[in-house]
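# Coordinate inspection notes
Letter by letter, the chains look like this.
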Number of protein chains: 2
Amino acid sequence: MPSRIRTAGFQGELGAFSHMAIRQMLGPGVKATPFPVFEQVFKALAAGKIDAAMIPVENTLHGSVHENYDHLLKYGLPIVGETTVRIVHNLIVTPGTKFTAIKKVFSHPVALNQCLNFFAAHPEFEKTTFYDTAGSIKMLLESRPAASAGIASALAAELYGCRILKRGIEDDHRNFTRFVLLRQKVEQPKSHEGAKVSLVFTTRNVPGSLFRALSAFALRDISLLKIESRPLRGKPWEYLFYLDFLGHVDEPRVRKALGHLQELADVYKVLGCYPRGAAQ
Amino acid sequence: MPSRIRTAGFQGELGAFSHMAIRQMLGPGVKATPFPVFEQVFKALAAGKIDAAMIPVENTLHGSVHENYDHLLKYGLPIVGETTVRIVHNLIVTPGTKFTAIKKVFSHPVALNQCLNFFAAHPEFEKTTFYDTAGSIKMLLESRPAASAGIASALAAELYGCRILKRGIEDDHRNFTRFVLLRQKVEQPKSHEGAKVSLVFTTRNVPGSLFRALSAFALRDISLLKIESRPLRGKPWEYLFYLDFLGHVDEPRVRKALGHLQELADVYKVLGCYPRGAAQ
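Residues numbered from 1 in each chain as written. Chains lettered and ligands numbered in written order. Predicted model: local features only at pLDDT ≥ 70, side-chain atom pairs only at ≥ 80, totals over all residues. Heavy atoms only, no water.

### Digging into the relation of the copies chain B and chain A
Rotating chain B by 180 degrees about the axis while translating it 0.1 Å along that axis superimposes it on chain A, leaving an RMSD of 0.0 Å. In short, the pair behaves as if placed about a two-fold rotation axis. When the interface residues of chain B are mapped onto chain A, 100% of them again lie at the interface, so the same face is used by both copies. (Least-squares fit on C-alpha atoms with pLDDT ≥ 70 in both. Contact = heavy atoms within 4.5 Å.)

Written out as structure tokens, the structure reads:
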């Protein structure tokens, strides 16, 4: 039986989208512990200071969070689950601030750039970059700058006692971030149904080597969900490949595919086998 | 005959590594025109304001410059060549500043983070982030902050009349950036020898589709050099794939492979056929 999760770490300020992912997957009873940078979350979990870590790996507009793929390999902390959060941006103010009084809007540059239609419709608002979305709401409350708003999650508005003046101001509503939940010890789903495997490998640098590696899966009708390449440190122009596929490591066809891949791969590591998150 | 290149655009300040790539590939006679952001370089070339653009696409430590892959597809400006620059970081001061007088060292955060051994050996130096490597040297010259140095290319030291106090202070010497040269019109190498093709495609979202797409190349012994996935806008969890391989678009086996790929791909576009840059 896996031990209970009491604390889960994430990067960012309280109210960040990673914090929403913790709430969504683990419920409000789990204590969410913020860290300033991603690697600190991995280190804290490796040292047993937190019970789990919620790490973003991919966004449907921006692609993979490559830094975290590097940390997944380096720290070897197993993926035990995944969840997807829709990124909804809200215009948030301290209580009492009126929409017509707003002059400056603070947020992370990526969030500001995801609300360009809103800013085009409100040329009176000045976009002002801040290091974090939820952090901009915390700052509104603490520093009370005049005529200011922030853009962040609904959870940030709730946690800092602020008000949402306009919901869903992002340009593209098909903006989702996929998070993985990491623990210290491997936990595998009991059911083979809906299980998913993430792994990383390198091929020998010979023609057709990636094709041959993928044949380990294609020949067994295993569906790849994602493939991602990252540079291999110390070997310029060689790559690590990260794969996600549907299956359970205990299924015979998956065991055979992994055995076949190991024959072809120089480096090979299963990052986790976990229940597939709900489709978005 | 392709028209002569008189001006080439790049992102960054004069003396940036992209500027070095222009010098290395096109010689000192070509005027290098700096732009603050990548998309402006693409726009200037599309509008015919510059004759060529030098764009970084990949670094051996950090991976692909994903933003530029998105621009390559959006603007459709053909790749006509490539070159690779070794990233050498140098400690640079204005004339007269002594090593022992230095307290602050300015540079782009990525460059500062690539010189951690140097800073560990010199705990008296304070790392100070700046928006650009070459820009930090320009600033030293213009603002003359006391007891300050910058980290940038040898070209930046030369252009701004500054002095290199220590060469090659980067931690990892296997740090290379690959640049592509873009023009307005397609230019193909006359020789099939050493030619390279870059293309982008999407597959239908069915099991084994990437494997089938790669089979178009593997079955014809065509060597893939790189594969990169990027999210497909508006279709969450579907991907564009960028491929580089050795071959010339006029070779029969390459024509057949491309025809085969077109049967399988929804979106398909050759980004360029160009002579492979010297190996590093």
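Read on for the rest.
### Points about the sheet that holds strand 7 (residues 104-107) of chain A
Residues and elements named next belong to chain A. Spatially, 8-7-9-6-10 is the arrangement adopted by the 5 strands of the open sheet, whose pairing is mixed. Looking at which strands have only one partner, the edges of the open sheet turn out to be strand 8 (126-129) and strand 10 (163-166). Across the sheet, the mean angle from the axis of one strand to that of its neighbour is 40 degrees, orientation sign disregarded. Looking at chain direction, strand 6 (residues 90-93) and strand 10 are connected through 3 bridges and run antiparallel. (Pairing = 2+ DSSP bridges. Helix = DSSP H or I, 4+ residues; strand = E, 2+ residues; numbered from the N terminus. Axes fitted to C-alpha atoms, helices over the stretch in contact; angles between N-to-C directions.)

### As for the nonpolar core
Of all hydrophobic cores here, the largest spans 47 residues; its most connected members are Phe 201 and Phe 217 of chain A together with Phe 201 and Phe 217 of chain B. Broken down by element, the residue count for this core peaks at 7 residues, all from helix 8 (residues 209-218) of chain B. If sequence neighbours within four positions are ignored, Phe 201 of chain A has contacts with Leu 210, Ala 213, Tyr 239, Leu 240, Phe 241, Leu 243, Leu 261, Ala 265, Val 267 and Tyr 268 of chain A. The next biggest cluster of nonpolar side chains, apart from the first, holds 22 residues, and it includes Phe 35, Val 41, Leu 182 and Tyr 274 of chain A. (Core = buried A, V, L, I, M, F, W, Y, C linked by side-chain atoms within 4.5 Å. Buried < 20%, exposed > 50% of the residue type's maximum accessible area, 1.4 Å probe, protein only.)

### Considerations on unusual backbone geometry
Phi angles above zero are rare outside glycine, and Asp 221 of chain A is one such case at about 55 degrees. The phi angle at Arg 144 of chain B is positive, at roughly 45 degrees, despite the residue not being glycine. Mapped onto the secondary structure, Arg 144 of chain B falls in the loop between helix 6 (133-143) and strand 9 (148-152).

### Focus on the pairing of strand 11 (residues 176-182) of chain B
Residue and element names in this part refer to chain B. The buried count for strand 11 comes to 7 of 7 residues, which makes it a mostly enclosed element. The alternating pattern of strand 11 places Phe 176, Arg 178, Val 180 and Leu 182 on one face and Thr 177, Phe 179 and Leu 181 on the opposite face, and all of these are buried. Pairing geometry for strand 3 (residues 52-59) and strand 11, over 6 bridges, is antiparallel. Residue Met 54 lies in a different strand from strand 11, and its bridge partner there is Leu 181. Here strand 5 (residues 79-86) pairs with strand 11 via 7 bridges, running antiparallel.

### As for the interface of chain B and chain A
A common way to express how large an interface is: the accessible area buried when the components associate. If you look at the interface, chain B gives 34 residues, while chain A gives 34 residues. A combined buried area of about 3000 Å² lies between chain B and chain A, and 64% of that area is made up of carbon and sulfur atoms. On the chain B side of the contact with chain A, Thr 60, Phe 211 and Trp 237 of chain B bury the most area, a combined 22% of that side's loss. At the boundary of chain B and chain A, one finds 0 salt bridges. Our count for the chain B to chain A interface comes out at 9 residue pairs in polar contact (both at pLDDT 80 or more). Elements supplying a minimum of two residues to the side of chain B that touches chain A: strand 3, strand 11, helix 8, strand 13 (224-231) and strand 14 (239-246) of chain B. Ranked by the residues each element gives to the side of chain B that touches chain A, the list is headed by strand 13 of chain B, at 7 residues. (Buried area = accessible area lost by both parts, 1.4 Å probe. Salt bridge = Lys/Arg side-chain N within 4 Å of Asp/Glu carboxyl O. Polar contact = N/O pair within 3.5 Å; in protein donor to acceptor, adjacent residues only side chain to side chain.)

### Digging into the sheet that holds strand 8 (residues 126-129) of chain B
Consider a sheet: its strands pair through backbone hydrogen bonds, and that pairing is either parallel or antiparallel. Residue and element names in this part refer to chain B. Here we have 5 strands laid out as an open sheet, ordered 8-7-9-6-10, and mixed in their pairing. The open sheet has two edge strands with one neighbour each: strand 8 and strand 10 (163-166). Here the strands of the sheet are splayed against their neighbours by 40 degrees on average, with no regard to which way each runs. Note that strand 7 (residues 104-107) and strand 9 share 3 bridges and pair parallel.

### Brief notes about the pattern of salt bridges
All names here are of chain A. Tallied over the entire structure, the rule returns 28 salt bridges over all chains. One salt bridge in this structure joins Glu 39 and Lys 74, with 2.8 Å as the shortest N-O distance. Of this pair, Glu 39 sits in helix 2 (residues 38-46) while Lys 74 sits in helix 3 (residues 66-75), placing them 35 residues apart in sequence. Note on Glu 39: relative accessible area 22%, which makes it partly exposed. One continuous salt-bridge network, built from bridges that share partners, spans Glu 58, Glu 82, Arg 178, Lys 196 and Asp 244.

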